[in-house]
Amino acid sequence: MQLHNSGVTEGLQRYWLPFTANRYFKQNPKLLASAKGAYFTMTDGRKLFDCLSGLWCCPLGHGHPHIAEALKRQAESLDYSTAFQISNPVTLSFAARVSAMAPAGLGQVFFTNSGSESVDTAIKIAVGYHRVRGEGQRFRIIGRERGYHGVGIGGISVGGMVANRKMFAPLMMPGVDHLPHTYSHADMAFSRGQPTWGAHLADDLERLVALHDAATIAAVIVEPMAGSTGVVVPPVGYLEKLRQICTKHGILLIFDEVICGFGRLGENFGAQRLNVTPDLLTFAKGVTNGTIPMGGVLATNEIYDAFMSGQDEAVEFFHGYTYSGHPMACAAGHATLDIMEKDGLIARARALEPVLENGIHQLKGTPGVRDIRNFGLAAAVELEPFEGRPGLRGLRVFERALDKGLLLRFSGDTIAMGPPFISTEAEIKNMCATLGDVIAAVTSPD
Ligand SMILES: Cc1ncc(COP(=O)(O)O)c(C=O)c1O
C-alpha cells in the first residue's frame, strides 16, 4: 500500500485519463480510495452515494463478499484458459446461464471484454452473416444520431455522439448512415417513462432503405434506451416499428444493451421490458457487476447456424480475443447472477423505478432545469447551459455534489443517474432531493 501511495504524485503527471479534461483534473484531482455497498469513500474521507452504479456497471454495489470469494477461488483453480480451440467448464456454464436469461431465440453467446468490443463483434457478425448466405453486398450499417456504441472504429462510425467522431472522421467505416435521434424537447420534455410522441421517427428507416436499397443494408443498431447521451427513452411504438421494417427488408436489428442489459430496465434485458426482440444483442458492464471487464454478443440460433457451413474442422468466424470468456470474468459473472437471483434484485430495480421517477420529477421547476427523463432505474436531469460555457454547469454541479455526499455522472450539462439495485427507497429519495439542492445552489459559472 505504501508503495502504491508513493507513486500517486508522479502518476498524476503520467496518467492520461480517458474521457476527462486532463489539465483540469490534474489541477483538481479527485481520488476514490474504497467502496462498499452503494458508497464510495474518497482519499480525503468524503463518503459518496454511487448515483450511477460506477459507470452503469455495478448494480449490486461494491465489495460483495460472494463475488470476492468466487474470484479468489477461480484465481486459485484456473486463472486463465486459452480461448481458442479449447475451453473450460466455467466459461461454458456461464454461456449457458446468459443464454437462458436472454430473450427467446437468442441462444448463442460470443464473449468479449467490453462494450466497444461487443459492438464491433456484432457488426462483424451481421456483415459476415449476410456474406455466408450469399448476400455479401449487404455491408451498410445504420446507426442513430446521439447513439453511443463505444469507441472502436465500428462503434464510433455507427455512433452519433459528435465529439466522439469528429476528430476521427477519416477513419470511419464506409457505408454507414444514421437514423434521426428520438429526442424532441418541444414534444416530450418532462415525460415520465416512455414518451408518447415519436414512433413515426422509425419511418425514417424506410427513407434510408429507399435511398440505399435494402439489398445493401446489413443491420440497424440502436440502444433500446440511449444511456450515454442522457437517458433518451424510446417513444411508445418506436422500437416495434424499427423491428417491423427490419424484418420486412431482411435487415438485422442489433440492440446495444451494454447499459440496459442485466436488469437496468427492470427485466433481464431491455428487449424483454420493451417486448421487442432483436437479432443480435450486445452486453457488458453489469454482467460481472463491474469487477472484471467482460462483454458479449447474443445471437439468434439462425445467425449462428448460417456460419456453420463447410468442413467441420474449418474455423467459421475469424474473430475473437485472447480474453474471450475469461474464467475470472465468468466466475465473477456467475457470482453476480447468483446474487441477483437470490436477492431478487432485478425485481427490486423494477420496484424502485417509481421511487426514482417520483423523486426526480420533483426537481421540475428548479431554476436551471431544462428537462427530466426516466425509465427503468435510470434518470437524467438536463440543465440549461451557462451562456457561452457549455458543460460548465454540469461540472459545477458534479463538484458541489461531492461535498454533499453524491458521486454524479455529468456529460455536458446533463446529469445521469442509475443507482445500484441494492439502494433503499430513502437513499434514492435523498439522492434526488440533494441533487435538487445542489442544482439550486449552482447559479453562476464561478
Ligand atoms: C450502449 C453502449 N455501448 C457500448 C459502450 C462501450 O462500452 P465500453 O466502455 O465497455 O467499451 C457503452 C458504454 O457506456 C454503452 O453505453
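As the structure is a computational prediction, the values presented were derived from the model and not from experiment.

Draft legend 1. Representation of the overall build of the protein chain. Check the secondary structure of the protein chain and you find 18 helices and 15 strands. On C-alpha atoms alone, the protein chain measures out to a radius of gyration of 22 Å, which is about the 22 Å that the 2.2 N^0.38 rule sets for 446 residues. Oriented by its inertia axes, the alpha-carbon framework of the protein chain measures out at about 65 × 55 × 45 Å. A sequence separation of at least 24 residues applies to 72% of the contacts in the protein chain between residues at least 6 apart.

Draft legend 2. Seen up close, the sheet that holds strand β13 (residues 406–407). Pairing is mixed in the open sheet, where four strands are placed in the order β1-β2-β3-β13. At either end of the open sheet lies a strand with only one pairing partner, and these are β1 (32–36) and β13. Relative to strand β2 (residues 39–42), β1 runs antiparallel, the two being bridged by four bridges. For A35, the partnering residue across the bridge sits in β2 and is F40.

Draft legend 3. Geometry of the site of the ligand. In the vicinity of the ligand there are 14 residues, among which S114, G115, S116, G150 and V258 approach most closely. No other element matches the three residues that helix α7 (residues 115–132) contributes to the shell around the ligand. Grouping the constituent residues of the shell around the ligand by class yields five nonpolar, seven polar and two charged.

Draft legend 4. Quick look at the environment of L356. Positionally, L356 belongs in helix α16 (residues 345–361). What makes L356 buried here is the crowd of 25 C-beta atoms within 10 Å. Expressed as a C-alpha distance, the spacing of L356 and A122, which sit 234 residues apart in the sequence, is 33 Å. In this structure L356 touches N374, L377, A379 and I428, once residues within four positions along its chain are discounted.

Draft legend 5. A look at the sheet that holds strand β10 (residues 295–299). Pairing is mixed in the open sheet, where seven strands are placed in the order β4-β10-β9-β8-β7-β5-β6. Strands with a single pairing partner mark the edges of an open sheet, and in this sheet they are β4 (108–112) and β6 (176–179). Between one strand axis and the next, the sheet turns by 20 degrees as a mean value, whatever way the strands run. As defined by bridge partners, strand β7 (residues 217–222) adjoins strand β8 (residues 252–256) across four bridges and the pair is classed as parallel. Looking at β8, one finds that I221 is bridged to I254. Taken strand by strand, helix α12 (residues 238–249) contacts β7 and β8, and its axis lies near 145 degrees from that of β8.

Draft legend 6. Spotlight on unusual backbone geometry. Backbone geometry at F190 places phi at a positive 60 degrees, although glycine is not the residue there. With respect to the helices, strands and loops of the structure, F190 is situated in the loop between α10 (185–188) and α11 (204–212). The phi torsion at F262 lies on the positive side, around 60 degrees, for a residue other than glycine.

Draft legend 7. Region of the structure containing the environment of R370. Structurally, R370 can be placed in strand β11 (residues 369–375). Given 14 C-beta atoms within a 10 Å radius, R370 is considered partly exposed. When the C-alpha atoms of R370 and Q194 are compared, they prove to be 18 Å apart, with 176 residues separating the residues in sequence.

Draft legend 8. Up close: the pairing of strand β5 (residues 140–144). β5 sits mainly inside the fold: five of its five residues count as buried. Residues R140, I142 and R144 line one face of β5 and the alternating positions I141 and G143 line the opposite face, and both faces are buried. Inspection of the sheet shows β5 paired to β7 by three bridges, in the parallel sense. Bridge pairing in β7 links R140 to I217.

Draft legend 9. Examining the domain arrangement of the protein chain more closely. Along its sequence, the protein chain is carved into domain 1 (31–63 + 344–441) and domain 2 (68–342). For domain 1 and domain 2, the distance between their C-alpha centroids amounts to 26 Å. On the side of domain 2, 30 residues touch domain 1, which itself brings 30 residues to the contact. For the side of domain 1 that touches domain 2, the secondary-structure elements that each account for two or more residues are α4 (53–56), α16, β11, β12 (378–383) and β15 (414–417).

Draft legend 10. Focus on the nonpolar core. Formed by 118 residues in total, the largest nonpolar core has its most connected members in A126, V220, L242, L252, I254, L280 and L435. Top element by residues in this core is helix α15 (residues 327–342). It accounts for nine residues. The residues touching L242, leaving out its near neighbours within four places in the chain, are A202, L205, V220, V222 and L253.

Draft legend 11. Up close: the environment of N430. Residue position: N430 is located in helix α18 (residues 425–441). Sequence separation of N430 and I415 is 15 residues, and the distance between their C-alpha atoms is 16 Å.

Rules of the game
- Residues numbered from 1 in each chain as written.
- Predicted model: local features only at pLDDT ≥ 70, side-chain atom pairs only at ≥ 80, totals over all residues.
- Helix = DSSP H or I, 4+ residues; strand = E, 2+ residues; numbered from the N terminus.
- Rg over C-alpha atoms; globule rule 2.2 N^0.38 Å.
- Contact = placed C-beta atoms within 7 Å.
- Pairing = 2+ DSSP bridges.
- Near = placed C-beta within 6 Å.
- Nonpolar A, V, L, I, M, F, W, Y, C, P; charged D, E, K, R; others polar.
- Buried ≥ 20, exposed ≤ 12 C-beta atoms within 10 Å, placed from the backbone.
- Axes fitted to C-alpha atoms, helices over the stretch in contact; angles between N-to-C directions.
- Domains from an automatic or database assignment.
- Core = buried A, V, L, I, M, F, W, Y, C linked by C-beta atoms within 7 Å.

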